[in-house]
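Chain residues, written in single-letter form:
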Amino acid sequence: MKKKLILASNNAHKLQEIREILGNDCHILSLQDIGCHADIPETAMTLEGNARLKASYVYEHYHEDCFADDTGLEVEALNGAPGVYSARYAGDGHDSAANRRKLLKDMNCQTDRRARFRTVICLIENGEEHLFEGEVKGQILDEERGSFGFGYDAVFMPDEYDRTFAELGETVKNKISHRAKAVEQLCRYLRKK
Ligand code: IMP
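Residues numbered from 1 in each chain as written. Predicted model: local features only at pLDDT ≥ 70, side-chain atom pairs only at ≥ 80, totals over all residues. Heavy atoms only, no water.

1. Description of the packing of aromatic side chains
This is how the line gets drawn: To pair, rings of Phe, Tyr and Trp, with the six-membered ring standing in for Trp, must have centres within 6.5 Å; the planes then decide the type, stacked if under 30 degrees apart, edge-to-face if over 60, and tilted in the middle. Strands are runs of DSSP state E lasting at least 2 residues, helices are runs of H or I lasting at least 4, and numbering of each runs from the N terminus. The rule is simple: take the accessible area with a 1.4 Å probe, protein chains only, and divide by the maximum for that residue type; under 20% is buried, over 50% is exposed, in between is partly exposed.
Following the criterion strictly, the structure yields 4 aromatic pairs and no others. Between the aromatic rings of Phe117 and Phe165, the centroid separation amounts to 6.0 Å while the plane-to-plane angle is 20°, which identifies the pairing as stacked. On the criterion of sequence distance, the pair formed by Phe117 in strand 5 (residues 114–125) and Phe165 in helix 4 (residues 165–176) is long-range, its members being 48 residues apart. Neither Phe117 nor Phe165 differs from the other in exposure class; each is buried. Here Phe156 and Phe165 contribute two aromatic rings whose centre-to-centre distance is 5.3 Å and whose plane-to-plane angle is 45°, an arrangement assigned as tilted.

2. Overview of the side chain of Thr119
What counts here: Pairing of N or O atoms within 3.5 Å defines a polar contact, subject to two protein rules: one partner must be a possible hydrogen donor and the other a possible acceptor, and residues neighboring in sequence count only if both atoms are side-chain atoms. The contact criterion used throughout is that any non-hydrogen atoms of two residues lie within 4.5 Å.
Here Thr119 shows up in strand 5. Within polar-contact distance, the side chain of Thr119 engages the side chain of Thr71 at 2.8 Å. Apart from the residues within four sequence positions on either side, Thr119 is in contact with Asp69, Asp70, Thr71, Phe132, Glu133, Gly134, His178, Arg179 and Ala182.

3. Regarding helix 4
Note the threshold: By this rule the span expected of a helix is its residue count minus one, scaled by 1.5 Å.
Between its first and last C-alpha atoms helix 4 spans 10 Å; for 12 residues at 1.5 Å apiece the expected length is 16 Å, and the helix comes up short by more than 12%. Regarding helix 4, the residues found buried are Phe165, Ala166, Leu168, Gly169, Lys173, Asn174 and Ile176. For helix 4, the secondary structure elements touched by its buried residues are helix 1 (12–22), strand 5, strand 6 (128–140), strand 7 (156–158) and helix 5 (178–192).

Structure representation (structure tokens):
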């Protein structure tokens, strides 16, 4: 029987990416699928802390094996910002387009364009916590390129590629992304059992 796992998220892009990467190994349910409409606070100062907060919330309320991920874009010239604040870089209530605009503005005139996406996954299985991590290194461009993907995809070009995540599209992105790598670690752990 397929293992059932709850993903502590309702982000449709993320669910689709993770379901594609995990393939037929697991049956992934979203918060909506289990009738959870809570706005789970993400108040930790680190990606690990936020992933743990989200997974613990679901485990404590639903007593089911679950996992949560938290991702940040860490830009070298900005001392790791936006990092854990990636979703609200341009301020609360602003969307991804505003976040990208702020990033391009903050990177104006910066010659060091190095950045990385980092994803941390916290799995809670039978009450025990396991952490998995994936990262992809690349560069922040000085303008947006491409229309696939979401978030900062249009301004991030992974190393060894000459196109942004938003130009590469989801098939390529899902093979090389930070999230793919973290989910692969999760998969490897689940398969070993
Ligand atoms: P979350 O923790 O996965 O919700 O990610 C926080 C923020 O980082 C999101 O609001 C997105 O803007 C951005 N982000 C996360 N994953 C990606 C990605 O794969 N590509 C581009 N932006 C991302």
